[in-house]
Amino acid sequence: MKAESWGTRLGLILAMAGNAVGLGNFLRFPVQAVQNGGGAFIIPYLVCFLLMGIPLLWVEWSVGRFGGKKGIHSTPFILDAMDRRRFWKYIGVFGIFTNIAVASYYCYIESWTLSYVFHSIIGTFRGMSQAEVAQFFVDYTEIDKTTLGIPYEAIVFYILCLALNTWILSRGLAGIEKVAVVGVPLLLIFGAFLAFQGLTLGTSGATPEHPDANSWEGINFLWTPQYDSLLNPKVWLAAAGQIFFTLSVGMGTIQCYASYVRSKEDIALNATSAGFTNEFVEVVLGSLIVIPIAAGYLGIDWVRENAGFGMAFQTMPYLFDKWGALLGAIAGVFWFGLLFFAGITSSLAMGTPWVGFMQDEFRWTREKGALSFGLIILAFGLPTVLFFHQGVFDEYDYWGGTVSLVIFALIEIILFAWIFGIDKGWAELMEGSDIKVPIVYKYIIKYITPVLLLFVFLGSFISPPVEKRFVASKSDEKITENLIAYLEQNGFEQRSTDQRWILVASAENFSK
Ligand code: PHE
Ligand code: NA
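All residue numbers refer to position in the chain's written sequence, counted from 1. Whichever chain is written first is A, and whichever ligand is written first is 1; the rest continue in order. The predicted nature of this model means local features are confined to residues of pLDDT at least 70 and side-chain atom pairs, given and counted, to a pLDDT of 80 or more, with totals for whole chains, interfaces and linings taken over all residues. Side-chain metrics rest on all non-hydrogen atoms present in the structure, leaving aside hydrogens and water.

Undergrad: Just to check I follow, could you spell out the coordination of the sodium ion (ligand 2) for this structure?
TA: Geometry sets the ideal angles at a metal, namely 109.5 degrees for four tetrahedral donors and 90 or 180 degrees for six octahedral donors. Around the sodium ion (ligand 2), the protein contributes the donor atoms Ala20 (O), Asn25 (OD1), Thr246 (O), Thr246 (OG1) and Asn278 (OD1), which lie 2.2 to 2.6 Å from the metal centre. Around the sodium ion (ligand 2), the six donor atoms are arranged such that angles at the metal cover 79 to 171°; this shape is classified as octahedral. Keep in mind that water is not among the atoms, so a site may look incomplete; donors are the N, O and S atoms within 2.8 Å of the metal, or 3.2 Å for Na, K and Ca. In terms of primary sequence, the donors binding the sodium ion (ligand 2) are separated according to A-x4-N-x220-T-x31-N. One end of the pair, Thr246, is in helix 11 (residues 233-247); the other, Asn278, is in helix 13 (residues 267-285), with 32 residues separating them in the sequence. Angular criteria define each label, namely tetrahedral for four donors with all angles between 85 and 135 degrees, square planar for four and octahedral for six donors with opposite donors over 155 degrees apart and remaining angles between 65 and 115, and irregular for whatever fails these tests. Numbered from the N terminus, helices here are DSSP runs of H or I no shorter than four residues, and strands are runs of E no shorter than two.

Undergrad: Just to check I follow, could you spell out a negative patch on the surface for this structure?
TA: The grouping of Asp212, Glu217, Asp301 and Glu305 at the surface amounts to a negative patch. Of note, Glu305 is situated in helix 15 (residues 300-306). Put simply, a patch holds well-exposed residues, over 30% relative accessible area, that have no salt bridge, with like charges counted together within 9 Å and Val, Leu, Ile, Met, Phe, Trp or Tyr side chains within 5 Å. Each accessible area is a Shrake-Rupley result for a 1.4 Å probe, and residues are judged covered by the shown protein chains and nothing else. Here a salt bridge means any side-chain nitrogen of Lys or Arg lying within 4 Å of a carboxyl oxygen belonging to Asp or Glu. Think of it this way: Lys and Arg go in the positive column, Asp and Glu in the negative one, and His and the chain ends go nowhere. To locate a charge, take NZ of a lysine, CZ of an arginine, CG of an aspartate or CD of a glutamate.

Undergrad: Is there a simple way to think about the site of ligand 1 in this case?
TA: Any residue with a heavy atom positioned within 4 Å of a molecule or strand is treated as near that molecule or strand. Close to ligand 1 lie 14 residues; Ala20, Gly24, Tyr106, Phe245 and Ser248 are nearest. Polar contacts here mean pairs of N or O atoms no more than 3.5 Å apart (in protein, one a potential hydrogen donor and the other a potential acceptor; neighbouring residues in sequence count only if both atoms are side-chain atoms). Separating an oxygen atom of ligand 1 from a backbone N or O atom of Leu23 is a distance of 3.1 Å. The backbone of Phe245 places a nitrogen or oxygen atom 2.8 Å from a nitrogen atom of ligand 1. Considered on its own, ligand 1 offers 320 Å² of accessible surface; in the complex 100% of this is hidden by protein. Of all the secondary structure elements, the ones that give two or more residues to the shell around ligand 1 are helix 1 (9-20), helix 2 (23-35), helix 11 and helix 18 (325-362). For the shell around ligand 1, the leading source of residues is helix 2, giving three residues. Per-class residue counts for the shell around ligand 1 are six nonpolar, eight polar and no charged. Here the nonpolar group is Ala, Val, Leu, Ile, Met, Phe, Trp, Tyr, Cys and Pro; Asp, Glu, Lys and Arg are the charged ones; every other residue, Gly included, is treated as polar.

Undergrad: It is not clear to me how the pattern of salt bridges should be interpreted in this structure. Could you clarify?
TA: Oppositely charged side chains may form a pair once their charged atoms are brought near each other. Summed over the entire model, instances satisfying the criterion amount to nine salt bridges. Glu265 is paired through a salt bridge with Arg9; the nearest N and O atoms lie 2.7 Å apart. Placement of Glu265 in the loop between helix 12 (253-258) and helix 13 and of Arg9 in helix 1 is noted, with a sequence separation of 256 residues between them. Salt-bridge contacts for Glu431 lead to Lys264; the nearest nitrogen and oxygen are separated by 3.8 Å. Of this pair, Glu431 sits in the loop between helix 21 (422-430) and helix 22 (440-462) while Lys264 sits in the loop between helix 12 and helix 13, and the two are 167 residues apart along the sequence.

Undergrad: Can you walk me through unusual backbone geometry in this structure?
TA: Among all residues save glycine, negative phi is the norm, and among peptide bonds the norm is trans. Even without glycine at this site, Ser248 takes up a positive phi of about 60°. Among the structural elements, Ser248 can be located in the loop between helix 11 and helix 12.

Undergrad: Explain the side chain of Asn306 here, please?
TA: Within the secondary structure, Asn306 sits in helix 15. Taking relative accessible area as the criterion, Asn306 reaches 17% and is therefore assigned buried. A 1.4 Å probe rolled over the protein chains alone gives each residue an accessible area, and that area as a share of the maximum for its type sets the label: buried under 20%, exposed over 50%, partly exposed in between.

Limitation: the analysis is restricted to geometry and does not speak to function.
Quick look at the structure:
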């Protein structure tokens, strides 16, 4: 069997960019930034990028290509090849299972985007009030309610989305490359269009109801640096968590992708450009869409009170509709299409470690590996689908998408810099590279990054950044004033809107 590798350099670069650029850039980043004080978030975020994100990217590319030279493609075998002790193999299993945990909720959101593209095309949101658009999402995710005559629509689209992922994965790297070559440029074009709208909206969306609406205030809020929160460990944790998630480090996907790179490829350059592409998409495009557009119609105060994951689905279709039938539909298709391409190029990356492992260990075919991945995600993802409103989803994101990334990254960098040895590791990174990575990074990788990772790891015990949310429609008669008062006494804070009860509690308060 001929060793598999990326077909073209462009394919490799776009696949790697597609891996990194994902729902995290457009949904997670803006929400994290708003919830952590806007401009106050940006400084810790950039520091984490330079001192943890970029170094980890270099480490993971080196580790991956090192494995690839030996014909192995998943972290259990690769870590095993870096040091003879047996336990590395088991630690490497993290690099497969975190992907399964993350893919289990990630693919569910991805499936919403497919459905919302469909609904934007057929005009479901035309003329709906803000409350109706928000209610549509609630009905959709309550799965047994019927949306537009389609019962169990959420499940239908979830299965469709998994089938699509499975099929592409079964076509191997060539399939992933094709999706990336089409999807990444399209998402950049869609993103540029929407960012332009966000930038130029200005105050023209103000109404008597929201007289202060101004899209530039949204941008200012994100970009005016504030120094007061620099000493707040919560903000640092959130920033570090976002950097891990958005760069896809600590997961095993980068090592897996890099293991299919030809050995003469300039990995230092590739890793750097993939990292900076992701950051461009995140801080430029990611901050010019949801927040400014929402602030442009509803005002920055509304955004600060309502910032959450649902904003993209519960608010954007209503705002786009203000642009008229045609432009509104186009904006909807662009927005959810952008999210879909961002999502699928990332979920495919989460599938490759499993498929690669099954091929290496059990000589499975790609098709069998891909199909088993689809079925596993179906099984593990079903709780997020069925119990979305009970917070299962947040649980997956916290353990799978936050804590385990940090643990894995910490162990991995110790292996790389201290056991495999930084000199050998550095030589691995520099092999075949034309760019010179500044030599200070040799010391950063050896001392600074591991210490910072340790802080983040310990810090995550001190203040778990998890929230419990209670959300209900105000028209729901079962929700009484007494219940709301009771929740408030138990550490929940009100962030209700005109139509909905929203109460939020941090986990520490909640557990009391
Ligand atoms: N980086 C992706 C995003 O920003 C998520 C991801 C994490 C993808 C881990 C692959 C592996 O959405
Ligand atoms: Na990203």
